[in-house]
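Here is what each chain is made of, one letter per residue.
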Amino acid sequence: MTFPLKDRIVYRLEGMSFVLCIMIQSFEPSQSPTLLSEKPMLKSQLAVFTALVSPLLLATPALAQNASLDEIIVTAQKRTENIQDVPISVSTIEGDEFQALQLGGEDILAIAARVPGVYAESSNGRTAPRFYIRGLGNVDFDLAASQPVSIIIDDVVQENVLLKSNPIFDSEQVEVLRGPQGTLFGRNTPAGIIKFDSRKPTQDFSANGTLSYGSFNTVHAEGGMGGGIVEDKVAVRLSALHRSRSAYVDNAVLNTAGDDLGEFTEFAGRAQMLITPNADMDILLNAHMREYNGTSALFRANIIQRGEGGLINDFDRDTVFFDGGADNEQEADTSGYSAKINYDLGGLTFTSITGYEKGESASVGDIDGGFVGPNSFNNAGAPNPLTPDTIAFPAETQDRLEDLKQFTQEFRLASNNQEALNWQAGVYIFDTSFDVRTVGPGFPPETVVTHSNDSWAVFGQASYDMSDQLTFTGGLRYTEDNRDFEAPQPPPGPTVNPTSISDDNISWDVSALYKVNDDFNVYGRVARGYRGPTIQGRDVAFSAFQFGLVDPQSVATSETIQSFEAGFKSELLDNRMRLNATAFYYEIDDQQFSIIGGENNTNQVINADKGRGMGFEADLDFLVTDNLLLQAGIGYVDTEIQDADLATAVCGSGLCTPTDPQNNLGQALIDGNPFPNAPDLTLNGFAEYTAPMGNGELFINTDWALQGKTNIFLYEAEEFSTSGNFEGGASVGYRAADGKYTVSLFARNITDEENLKGAIDFNNLTGFVNEPRVIGVALSGNFN
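Reading the values: the criteria
- For every chain, the first residue of its written sequence is number 1, and the numbers climb from 1 along that sequence.
- Totals for whole chains, interfaces and linings use every residue, but because this is a predicted model, local features are given only for residues with pLDDT of at least 70 and side-chain atom pairs only at 80 or more, for both listing and counting.
- For the side-chain quantities, the full set of heavy atoms in the structure was used; hydrogens and water were omitted.
- Helix and strand labels come from DSSP, where a helix needs a run of H or I of at least four residues and a strand needs a run of E of at least two; each type is numbered from the N terminus.
- A simple rule labels every residue: compare its accessible area, found with a 1.4 Å probe on the protein chains alone, to the largest value its type can have, and call it buried under 20%, exposed over 50%, or partly exposed in between.
- Throughout, a residue-residue contact means that at least one pair of heavy atoms, one from each residue, lies within 4.5 Å.
- Surface accessibility follows the Shrake-Rupley procedure with a 1.4 Å probe radius. Residue values consider only the protein chains on display as shielding.
- Charge counting follows a simple rule: Lys and Arg are positive, Asp and Glu are negative, and His as well as the terminal groups are ignored.
- The atoms used to mark charge sites are NZ of Lys, CZ of Arg, CG of Asp and CD of Glu.
- Residues belong to one nonpolar core when they are buried, are Ala, Val, Leu, Ile, Met, Phe, Trp, Tyr or Cys, and are joined through side-chain atoms within 4.5 Å.
- Cysteine sulfur pairs qualify as disulfides if the two atoms are within 2.5 Å.
- Of the two site types, the cavity is a set of points on a 1 Å grid over the protein atoms alone where a 1.4 Å probe fits but cannot get out, and the pocket is an open set with protein on both sides within 12 Å along at least five of seven lines, each lined by residues with an atom within 4 Å of a point.
- Grid points are joined across faces, edges and corners, and a volume is the space filled by probe spheres set on the points.
- Residue type decides the class: Asp, Glu, Lys and Arg count as charged, Ala, Val, Leu, Ile, Met, Phe, Trp, Tyr, Cys and Pro as nonpolar, and the leftover types, Gly among them, as polar.
- Patch definition: residues with relative accessible area over 30% and no salt bridge; like charges joined within 9 Å; nonpolar side chains (Val, Leu, Ile, Met, Phe, Trp, Tyr) joined within 5 Å.
- Each reported salt bridge corresponds to a side-chain nitrogen of Lys or Arg within 4 Å of a carboxyl oxygen of Asp or Glu.
- When DSSP finds two or more bridges between a pair of strands, those strands are recorded as paired.
- Only the contacting stretch of a helix is used when fitting its axis, a line to C-alpha atoms as for every element, and angles between N-to-C directions run 0 to 180 degrees.

Peer 1: Could you give an account of the overall build of the protein chain, with specific residues and numbers?
Peer 2: Summing up its helical and strand segments, the protein chain has six helices and 41 strands in all. Over its C-alpha atoms, taken along the principal directions, the protein chain stretches across nearly 70 × 60 × 50 Å. In the protein chain, which comprises 784 residues, the proportion classed as buried is 59%. Here the analysis covers contacts within the protein chain between residues at least 6 apart in sequence; of these, 70% occur between residues at least 24 apart. Accessible surface, the protein chain: about 29,100 Å² in total, of which carbon and sulfur atoms supply 55%. One way to put it: in the protein chain the 50 positive side-chain charges average out to a point 4 Å from where the 106 negative ones average out.

Laid out in structure tokens, this is it:
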């Protein structure tokens, strides 16, 4: 959802609640009609949403008379289009608004729950984020993890988790494409795509910058400037980001003076050059880099209430109890280059996009989150409530990602006329390799594994206007995918043979868009997507000294998804309101999951027989008056694992309370469980009010996001789920009429919510939480 937004609609609150109930009930055909009041959890979550958007839904007589909604342009189909004309579920966030979400020190994870159906989290600090769309994602924390959500930055896919963490700055727009996108964007997109586009060079001079300072010495400084250097031929743009915070978390075990953990420093830069040799050709060159040093994720022993879930009553965000981990130090360096060439052939446009990325990272952590003390090693007699020294054993691990290299190349030919038929076809090449080095202070012994992956594809898509109202679109993609794994430095004990796996796949999509009138479109889409085979080798290091064990690495074959969706896109009230909604249903064959932790402390990839998801998303944006902007979004998804025999080990600590039936090995049978880290509900809202003052305006705005019930692992336990996590932000300030400067006070996580974001279950009831409240001041300037 894009904001600020410029539109408005008037509906009765009761009417919207009724519509939401009907949409939810439509995905439960086997049940009798269910009233909202009979769904207590959903009712409480929708109550929060209602509080956010009720001013928007209640009748307001003083509507804006002259303002209208700005057109949103997207490239979801690799061509420039109005978002209302795209037969895909798409939401956007303007670059400046995404920047505002990060002023408190947040990174790319700030997108979590800010777009309907989207969630993000990480147990690896700021170097390996995990993304989820419509419930589909991957909880694997390893540096070789495969994900079903593709991150694309400036037209180049960021496949490895380190590359997915590259910071977003001097951004033009964020696009979220929900549902399989395999035809145009290839493998590993069964859930969808999050696409980040930077501001590009132009011949006109422009410069912009933002500087903020807040709690814990949190600094966010970013900016960009550029213009023509050779008239009508060459333009450049230089962009930079600095982000930092001081330590604010005390390690009570070390008893040192002052704070020890929580700090970070990050710098990123980008240089772009746009060359226009003639009227038919343009060449965009991009070079970028990032350096990061800071604290990794802070794991905290026994912060989850035993037998109940949620954080313990005396949880203290500002204190940890580490006896290892070297202050959980983390560092990362990435850099890359890309070249995009467009050449007009007269009726056709040839496009070439070449990308090269490289990087390395290192992270060490006290994984158990506690310390050896009187209650250690004896969980059977553990105290209640649990204490930070109730750990089964100390656990510390260091991982390094080394020699990461990624090369991508796309050649594309597309029609560029205004005829009824528009088409594009192309070839895509992908190649990557990297090493993962794992070591502990005593265990595991130093181990190195190597991953490599190459893939190629051919694709095509065509749209045909059957009439002024009806357009059909269809596409097809053929992909070949190859993965290789070896252990050049295995641990003593197991035999690790080189492993290779290959597959090919045909992805496709068909859609129709019908323009009921100038303001209302309906569409339907059927798509088949694909995630390539994957190899997980983390268990190689942790199988040390298991003599006779052969090939501890695990392999998962390809998964395929069949998706169906239908929706509408509308602009009402003289283009003062935008209301878009989509309902969807999908089935996955051979769905890939990661078994993490448990009593065996494993990290393995597996295939489930099937998975199923269904739900809806809606975006509502409008301008109430010339001075009041409002927006809201909702995403609902019901997911289910469908595999009668699939089982997984439960918590290794013996301290959790599993609720699944178990097999004769004591493993949880997970058939019927929801997907891990798949919130059933995401809600977001934004409001801004302005008042004229001098040559500018005063403004006050607030934004909120809520995450519904979320199961953390594959199995279900009383301790390992969350429900109702929410965060809000606010800003008040002055904005000059000419847009040259803005000064404001801001707050992120304004109510200082302490939200459990994830857990570790092999040792104790370890958890990690969200970012703290940050209050600060910001100054922005624009010079054009």
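Peer 1: Let's hear about the nonpolar core: which residues, and what values?
Peer 2: Most often, soluble globular proteins keep nonpolar side chains buried together rather than apart. Ranked by size, the top nonpolar core spans 62 residues in total, and within it F98, I111, I194, F196, Y715 and F720 carry the most contacts. Ranked by residue count, the leading element in this core is strand β28 (residues 577–597), at six residues. Every residue in contact with Y715, bar those within four places of it in the chain, is listed here: T648, A649, V650, C651, C656, D660, A668, I670, N673, F720 and D761. Membership of the second largest hydrophobic core comes to 21 residues, among which are L162, F434, V436 and F485.

Peer 1: Talk me through the state of the cysteines; I want residue IDs and the actual numbers.
Peer 2: Scanning the entire structure with this criterion turns up one disulfide. Here C651 connects covalently by a disulfide to C656, the sulfurs 2.0 Å from one another. Its S-S torsion of approximately -95° makes the covalent link between C651 and C656 left-handed. C656 carries the same exposure label as C651, and that label is buried.

Peer 1: Any details on empty space enclosed by the protein? Residues and values, ideally.
Peer 2: A full pass over the atoms with the stated rule returns 16 cavities of 30 Å³ or more. Space inside the largest cavity adds up to approximately 810 Å³. Lining the largest cavity are 44 residues, and of these E106, L109, V769, N770 and E771 lie nearest its centre. Here the residues of the lining of the largest cavity sort into 19 nonpolar, twelve polar and 13 charged. In this structure, the second largest cavity is lined by 18 residues; those nearest its centre are I153, N166, P167, R270 and H288. Of all elements in the fold, only β7 (156–158), β14 (264–278), β15 (281–295) and β17 (329–344) reach the threshold of two or more residues within the lining of the second largest cavity. If one sorts the elements of the lining of the second largest cavity by residue count, β15 sits on top with four residues. Of the residues belonging to the lining of the second largest cavity, the class tally is six nonpolar, eight polar and four charged.

Peer 1: Just give me the short version of a nonpolar patch on the surface, but keep the residues and values in it.
Peer 2: Residues Y213, Y689, I700, V732, Y741, V743, L745, V777 and L779 make up a contiguous nonpolar surface patch of about 840 Å² in total accessible area. Put simply, the parts of the chain that give the nonpolar patch at least two residues each are β38 (741–748) and β41 (774–783). It is β38 that provides the largest number of residues to the nonpolar patch, a total of three residues. Take L779: it is sitting in strand β41. The class for L779 is partly exposed, based on a relative accessible area of 49%.

Peer 1: A description of the sheet that holds strand β8 (residues 171–178) should follow, citing residues and the corresponding values.
Peer 2: One open sheet accounts for five strands, arranged β3-β8-β9-β6-β7; its pairing is mixed. Sheet topology places β3 (89–94) and β7 at the edges, where each strand pairs with a single neighbour. For this sheet, the mean inter-axis angle between neighbouring strands, taken without regard to orientation, is 25°. Pairing of β8 with strand β9 (residues 192–198) involves seven bridges; the strand directions are antiparallel. The residue bridging E175 from the neighbouring strand is K195, located in β9.

Peer 1: An account of the pattern of salt bridges is requested, with residue identities and associated values reported.
Peer 2: Throughout the structure, instances matching the rule amount to 37 salt bridges. For R178, the salt bridge identified is with D619, shortest N-O distance 3.8 Å. Of this pair, R178 sits in strand β8 while D619 sits in strand β29 (residues 602–625), and the two are 441 residues apart along the sequence. D619 carries the same exposure label as R178, and that label is buried. Taking the shortest distance from any N to any O, the salt bridge between R317 and D752 comes out at 3.8 Å. Of this pair, R317 sits in the loop between β15 and β16 (319–320) while D752 sits in the loop between β38 and β39 (756–760), and the two are 435 residues apart along the sequence. Given the relative accessible area of 4%, R317 is considered buried. By sharing partners, the salt bridges in this structure join R134, R178, E565, E617 and D619 into a single network.

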